[in-house]
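If you want the building blocks of each chain, they are given just below.
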Amino acid sequence: MSALDELPPLRDVIRRHELSARKSLGQNFLLDLNLTGKIARAAGPLDGVTVVEVGPGPGGLTRALLAEGARVIAVERDARALDALAEISERVPGRLEVVAGDALALDLSALAARAGGGGPVRVVANLPYNIATPLLIGWLSAEPWPPWYDALVLMFQREVAERIVATPGNKVYGRLAVLSQWRSEPKILFDIAPSAFVPPPKVTSSVVRLVPRAKPLPCPQPALERVTAAAFGQRRKMLRQSLKMLVADPTPLFEATGIAPTARAEEISVAGFVALANALADAVRGKPVPAALPQP
Ligand code: SAM
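Calculation notes
- Each chain has its residues counted from 1, following the order in which its sequence is written.
- With the structure being a predicted model, the display of local features is reserved for residues of pLDDT at least 70 and the display and counting of side-chain atom pairs for 80 or more, all residues being used for whole-chain, interface and lining totals.
- Values reported for side chains reflect all heavy atoms of the structure, with hydrogen atoms and water molecules removed beforehand.
- When we say a residue is near a molecule or strand, we mean one of its heavy atoms is within 4 Å of it.
- We define a polar contact as two N or O atoms separated by no more than 3.5 Å, with the added condition that, inside protein, one atom must be a possible hydrogen donor and the other a possible acceptor, whereas residues neighbouring each other in sequence contribute only through side-chain atom pairs.
- Secondary structure is summarised from DSSP: a helix means a run of H or I of at least four residues, a strand means a run of E of at least two, and numbering begins at the N terminus for each.
- In short, DSSP must find at least two bridges between two strands for them to pair.
- For helices, the axis comes from a line fit to the C-alpha atoms of the stretch in contact; other axes are also lines fit to C-alpha atoms, and the angle between any two N-to-C directions lies between 0 and 180 degrees.
- The criterion used for residue contact is that any of the two residues' heavy atoms lie within 4.5 Å.
- We call two directions roughly parallel when the angle between them is under 35 degrees, roughly antiparallel when it is over 145, roughly perpendicular when it lies between 65 and 115, and oblique otherwise.
- The crossing is said to be left-handed when, going from far helix to near helix, the turn is anticlockwise and less than a right angle, and right-handed when the turn is clockwise.
- Under the grouping applied here, Gly and all other residues not named as nonpolar or charged are polar, the nonpolar ones being Ala, Val, Leu, Ile, Met, Phe, Trp, Tyr, Cys and Pro and the charged ones Asp, Glu, Lys and Arg.

Q: Whenever I open this one, the site of the ligand confuses me. Can you help?
A: For the ligand, the set of nearby residues contains 21 residues, the closest of which are Gln-27, Leu-30, Gly-55, Glu-76 and Asn-126. A distance of 2.8 Å separates an oxygen atom of the ligand from a polar side-chain atom of Gln-27. Glu-76 places a polar side-chain atom, nitrogen or oxygen, 2.6 Å from an oxygen atom of the ligand. When residues of the shell around the ligand are traced back to their parent elements, those giving at least two are β1 (29-30) and β3 (71-76).

Rendered as structure tokens:
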């Protein structure tokens, strides 16, 4: 029996530390050890790996990650969870660092680098649903590339997971799919039913693994963001119309890429958007760059 097995059941931890779930913090706790173990194994093997976990809460997934051999840096915004996490930390000296703070505001790559270890760094988390997409966009926008992590293994609402892996022609294919698939190979690993959480969310969740591409198709990311924002911002319109948001006359973009001006955003592959972004970067080189459009 390991020191982790001697920890009290998570329900007791939640009761003792008065961790009643707060919606504002996206709290849906996973208390089923079979499922936390399944997620940790999906992220594994974890021997010699430093895992950055966002939102450990009462520490169910944290325990599973430690049991699989990881060293964990856990970033938690809810101060009420810190004592519960300290109880885990005491059982595994030197293997769990708890950082109190907002994962959106902290530089997680710097935290991982400071922790040292020298081995691979992986991000594994049951994400708070209200900040899951901005966190993912931040990780996929990391510079330099390849990034500071070797994989992201993340739980999202199923609807977000589907947007990440969507392909052209799918009605949820959009900016998130293009960014995700340009920089990584995403895969939905498995679903988790609402009943597995306390409290149960309204929708099914999915665990997604994103493995960074060593060499994404070369392209300036700001140009890719502008092209996808303009194209999907008016997804029913033909590109010859929607791309006028970026340049008065988009004809050179179609000539440079061979993409039909009558095509619509949802028909364009990731490679097609990369080509359009490179053509846009060429077209505006030396000219004032249009203002960045809002995030998806
Ligand atoms: N990992 C735990 C589990 O699986 O049971 C809890 C997951 S719960 C869906 C999301 C967690 O993220 C909560 O513990 C919440 O307090 C935390 N959280 C919410 N916003 C955060 C933020 N901005 N930075 C860090 N943690 C945050």
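Q: Any chance you could explain the sheet that holds β3 here in plain terms?
A: Across a sheet, paired strands are connected by hydrogen bonds in the backbone, their directions being either parallel or antiparallel. Read from one edge of the open sheet, seven strands run β4-β3-β2-β5-β6-β9-β7, paired in mixed fashion. Each edge of the open sheet carries a strand with a single partner, namely β4 (96-100) and β7 (184-192). For this sheet the average axis-to-axis angle between neighbouring strands, irrespective of direction, equals 20 degrees. Where strand β2 (residues 50-54) and strand β5 (residues 121-126) come together, three bridges link them in parallel fashion.

Q: Quick question: what am I supposed to make of the side chain of Arg-80 here?
A: Positionally, Arg-80 belongs in the loop between β3 and α4 (82-91). From its side chain, Arg-80 meets the backbone oxygen of Ser-20 in a polar contact 3.0 Å long. If we ignore the near neighbours within four places in the chain, the residues touching Arg-80 are His-17, Glu-18, Leu-19, Ser-20, Arg-22 and Gln-27.

Q: Would you take a moment to explain the packing of helix α2 (residues 33-42) against helix α3 (residues 60-67) for this structure?
A: How two helices sit against one another is set out by the angle between their axes and by the gap between those axes. It is the contact of α2 with α3, at a shortest axis distance of 8 Å, that shows an interaxial angle of 50 degrees. Taken together, α2 and α3 sit at an angle that is classed as oblique. Seen along the crossing, α2 lies across α3 with a hand that is right-handed. The segment α2 lies against α3, with Thr-36, Gly-37, Ile-39 and Ala-40 engaging Gly-60, Leu-61, Ala-64 and Leu-65. For the contact of α2 with α3, a count of residues per class yields five nonpolar, three polar and no charged.

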